[in-house]
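Observations on the three-dimensional arrangement
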Amino acid sequence: MKKNTLLKRIQAVLTASTLMMGVFLTPGPVGAKEVRDEAVAEELNTEEPETEATVPETETEEPQTETEEKETETEEPQKEERAESSGLAYKIVIDGNPNMGIGATQQLTATVYAEDGTLATVQTVKWESGNTAVATVDQTGRVKPIKYGTVSIFAEATDNSGVREEFKITIGTIKVNSIIVKYEDRNMVQGGANQTLTVDILPEDAANKDVTWSSNASSVAKVDQVGVVTPVGPGLATITATAKDGSGVMGSVIINVWPKMMKMNKPVRVNEKTREVKLSWETIPTGTYYMLQWCKNKNFEASMKKVYKQKITKPSTSSYTVKVAKDGKWFFRICCVKEVPGADGQMVKLEGAWSKPKKLKVKLKTS
């Protein structure tokens, strides 16, 4: 097609040259020939770059084809690798505590993975101890320490892959790191029932879980080495359990001991010509003060507006004389109050139970 176009252009040039020859005043055969030759050469020179420009376009398309072929070739190995993936064991991961104490056991677990990171088809393993004199392991993975030392525990895949993993455990003295004192009731009554304290100790496999019991105020509450607390006198006492393994770990609880119920003796008339009444009671020397109350109703709580009160500031006092307002039946009672500083520095008031009311009939003798 390009050749036909070129011929047509040459013919057009020749025709134009012939016409031009008629214009010149001194045309000659030689001059006409030169004009034709120059025109042909010019036409040929204008066509050659077009022919050369089309060649690179054809050549630049071929590398693209080669690149696509290479990309196709790189995808084929990936498909082959996925197809070759199997469920055989490639790696075993063992979970457990690398430190143990004598007297405790632990359960190891093994997870078997295939080469591609997925779970292997067979998850069972065979357990074995590298030194049964230090620790043994059963086929469930439970390890039992025998003596102090370091032992290797092995887990081997059972799918004939030969994969085997090691887990090292050190058998030593595991010390206590936490003690929590447990109690039945933090409030106790002086001279009342005892209670037994217990402890929760961590870690569970601590080698020595024994503790020593102590009280910072044995006049308030004392404790024996079994943890039995006896309420002695009103106040606050801190009961502490200290680990015996040398770790220095302690746990404690504050016990509130309330004053006991006081015992009041029978009221006595001082003088029949007056309404004075003498009251006496059993003292509590460790108390802070006493509170006396009297009224004409046995139910003190229901008659609080008509209740007379008297504070006895010396706990060593064993009697006090009061004067009733009028004749009739009167009821009397007493309690002990203990004031102690609390953990926040504020005073804590421990009020003991009221004594049973004592009755006395008062009648003023006029003659």
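No experiment lies behind these values; they were computed from the predicted model shown.

For the rest of this paragraph, the subject is the overall build of the chain. Along its length, the chain carries 2 helices and 26 strands. By the burial criterion, 32% of the 367 residues in the chain qualify as buried. Carbon and sulfur atoms make up 51% of the accessible area of the chain, which totals about 23,200 Å².

Before going further, it helps to spend a moment on the packing of aromatic side chains. Tallying each qualifying case throughout the model produces 3 aromatic pairs. Measuring from ring centre to ring centre gives 5.9 Å for Trp281 and Tyr290, while their planes differ by 70°; the resulting arrangement is edge-to-face. Assessed through its relative accessible area of 0%, Tyr290 is described here as buried. A centroid spacing of 5.9 Å and a plane angle of 55° characterise the contact between Tyr308 and Trp330, whose relative ring orientation is tilted. Of the two residues, Tyr308 sits in strand β22 (residues 308–312) while Trp330 sits in strand β24 (residues 328–341), which places them 22 residues apart along the sequence. Judged by its relative accessible area of 1%, Trp330 is buried. A connected cluster of aromatic rings, assembled from ring pairs, spans Trp294, Tyr308 and Trp330. Just above the ring of Phe154 sits the side chain of Arg164; from NZ or CZ to the centre is 4.2 Å.

Turning next to the pairing of strand β8 (residues 149–157). Looking at chain direction, strand β5 (residues 125–129) and β8 are connected through 5 bridges and run antiparallel. Looking at β8, one finds that Ser129 is bridged to Ile153. In this sheet, strand β9 (residues 164–172) lies alongside β8 in antiparallel orientation, the contact comprising 8 bridges. In the strand pairing of β9, Thr150 is matched with Thr170. Linking β8 to β9, which pair antiparallel, is a turn of 6 residues; within it Asn160 sits at a positive phi near 65°.

One can find Gln195 in strand β12 (residues 195–196). A residue is classified by how much of its surface remains accessible, and Gln195, at 4% relative accessible area, is buried. Polar side-chain contacts of Gln195 include one of 2.9 Å to the backbone nitrogen of Glu184. In this structure, Gln195 is in contact with Tyr183, Glu184, Asp185, Met188, Gly227, Val228, Val229 and Ile255, ignoring residues within four places of it in sequence.

For the rest of this paragraph, the subject is the sheet that holds strand β6 (residues 135–137). Spatially, β3-β7-β6 is the arrangement adopted by the 3 strands of the open sheet, whose pairing is antiparallel. With partners counted over all chains shown, the strands left at the sheet margins are β3 (106–107) and β6, one partner each. Looking at chain direction, β6 and strand β7 (residues 142–145) are connected through 3 bridges and run antiparallel. Note that in β7 the partner of Val137 across the bridge is Val143.

Another point: unusual backbone geometry. In this structure, Pro203 follows Leu202 across a cis peptide bond, with omega equal to 0°. Note that Pro203 resides in the loop between β13 (198–202) and β14 (211–215).

This model, assessed by the stated rule, comprises 7 salt bridges. For Arg164, the salt bridge identified is with Glu156, shortest N-O distance 3.2 Å. In this structure Glu156 comes out as partly exposed when scored by relative accessible area, which is 27%. Salt-bridge contacts for Glu301 lead to Arg333; the nearest nitrogen and oxygen are separated by 3.4 Å. Note that Glu301 is positioned in the loop between β21 (289–295) and β22 and Arg333 in strand β24, a separation of 32 residues in sequence. Owing to a relative accessible area of 53%, Glu301 belongs among the exposed residues under this scheme. One salt-bridge network, held together by shared partners, links Glu128, Glu156 and Arg164.

This part takes up a positive patch on the surface. On the surface, Lys298, Lys329, Lys359, Lys361 and Lys363 cluster together to form a positively charged patch. You can see Lys363 is positioned in the segment after β26 (358–362).

For the rest of this paragraph, the subject is the sheet that holds strand β20 (residues 276–280). On the basis of which strands lie adjacent, the open sheet formed by 3 strands has the order β19-β20-β23 and antiparallel pairing. Strands with a single pairing partner mark the edges of an open sheet, and in this sheet they are β19 (268–269) and β23 (319–323). With 5 bridges connecting them, β20 and β23 associate as antiparallel partners. Bridged to Val277 within β23 is Val322.

Criteria and thresholds
Residues numbered from 1 in each chain as written. Predicted model: local features only at pLDDT ≥ 70, side-chain atom pairs only at ≥ 80, totals over all residues. Heavy atoms only, no water. Helix = DSSP H or I, 4+ residues; strand = E, 2+ residues; numbered from the N terminus. Buried < 20%, exposed > 50% of the residue type's maximum accessible area, 1.4 Å probe, protein only. Areas by Shrake-Rupley, 256 points an atom, 1.4 Å probe, with all protein chains shown as cover. Phe/Tyr/Trp six-rings, centres within 6.5 Å; stacked < 30°, edge-to-face > 60°. Lys NZ or Arg CZ within 6 Å of the ring centre and 35° of its normal. Pairing = 2+ DSSP bridges. Polar contact = N/O pair within 3.5 Å; in protein donor to acceptor, adjacent residues only side chain to side chain. Contact = heavy atoms within 4.5 Å. Salt bridge = Lys/Arg side-chain N within 4 Å of Asp/Glu carboxyl O. Patch = residues over 30% accessible without salt bridge, like charges linked within 9 Å, V, L, I, M, F, W, Y side chains within 5 Å. Lys, Arg positive; Asp, Glu negative; His and termini not counted. Charge placed at Lys NZ, Arg CZ, Asp CG, Glu CD.

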